[in-house]
Every structure is written in structure tokens, then in C-alpha cells.
Amino acid sequence: MTGAARWRENWRAVGPTGAVRVEIGRSRASRRDGEREVRDLPAGTPVVLSAPGPGSARRCRRFAARTDVMLEREFLAMPSLAAPAYLVEDARETVEVFLKTVLVTPPGVPLTGLVDRVLGMVRALRPLRAIRALAPGRVVVGRCA
């Protein structure tokens, strides 16, 4: 297995055995389908919610509130939700360690010096709120109430 396919099932690393994954799309129809699916699950069933792009935290929390899913842990999916190589726990300390030790300029990127400077600024500013808001995706672990 190579490329993005290799990372597609990484959510299983944070989800309990037997967890049901529900992708929360941006459209009302996809959210309604997911809500129906979760409401049909027995109480206590582990659920892993995932949502793409900016606003994903808000979508996951609203979805959980509407479906009585009790949230346990939240992760930022990096570099994308479709193929997360990293699931970084959404906590200040964890995000800061990720920024300082893992996030680097990929090899062969044009304008490497510029990218390095931008990453340096991000590390210095520690814009946790912006990183949370702009993360490529979010993975949330919870249980049906």
C-alpha cells in the first residue's frame, strides 16, 4: 500500500475497538444522514467523528450535541483528513510539541527558505487558536449516550 491509501485508516489508532466512523460533511444532507446513522446505534457504542477543513471543530461539536454523543478526545488531522499522517491531540502542549519537532519543510519544496521562515514565525507566535480553526481536518472520539 502506498501514498494516501496508506493513511486512510489512521483514525483506528485513536478509536476504540468496534468504533463506528461517521464523516460529517459540509452539506445538510450529509449531516442528516450521519445523524440518522448515529441515532440508530445502541447507547455506549464508540463513535469516531471526522470533519474536513476550517470550521470542523464547530461542526463536530454541534453534531455531537444533536446526536447525544459524549465527546472524549479531539485530534487535528495533518496534513489532511483524507490521509492523516498525524493525528495531533487538540491540547496546547501537544500542538506545540508537534510544531517544534515534527512540522518541517518537506524536501524539494520550491522556496524552501521562505517556507522555513514562515514555519519559524508560526512556532514563535504559537497561534493555537488559528491552527485549531484552520486545521485540514478533525477527528473526535466519543460514545453514544
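The following refers to the structure shown. Just so you know, these numbers come straight off a predicted model, no measurement behind them. (Residues numbered from 1 in each chain as written. Predicted model: local features only at pLDDT ≥ 70, side-chain atom pairs only at ≥ 80, totals over all residues. Heavy atoms only, no water.)

**Topic: the side chain of Ser56**
For Ser56, the position within the fold is in helix H2 (residues 56-67). For Ser56, a relative accessible area of 1% translates into the label buried. Among the polar contacts listed, one links the side chain of Ser56 to the backbone oxygen of Gly53, at a separation of 3.1 Å. Setting aside anything within four residues of it in sequence, one finds Ser56 in contact with Ala51, Gly137 and Arg138. (Helix = DSSP H or I, 4+ residues; strand = E, 2+ residues; numbered from the N terminus. Buried < 20%, exposed > 50% of the residue type's maximum accessible area, 1.4 Å probe, protein only. Polar contact = N/O pair within 3.5 Å; in protein donor to acceptor, adjacent residues only side chain to side chain. Contact = heavy atoms within 4.5 Å.)

**Points about the packing of aromatic side chains**
Taken as a whole and assessed by the stated rule, the structure comprises 1 aromatic pair. Plain terms: the ring middles of Tyr86 and Phe98 are 5.4 Å apart, the flat faces sit at 65° to each other, and that makes the pair edge-to-face. Taken as a pair, Tyr86 in strand E4 (residues 86-89) and Phe98 in helix H3 (residues 92-101) lie far apart in primary sequence, 12 residues in all. The class of Tyr86 is partly exposed, set by a relative accessible area of 40%. Given the relative accessible area of 8%, Phe98 is considered buried. (Phe/Tyr/Trp six-rings, centres within 6.5 Å; stacked < 30°, edge-to-face > 60°.)

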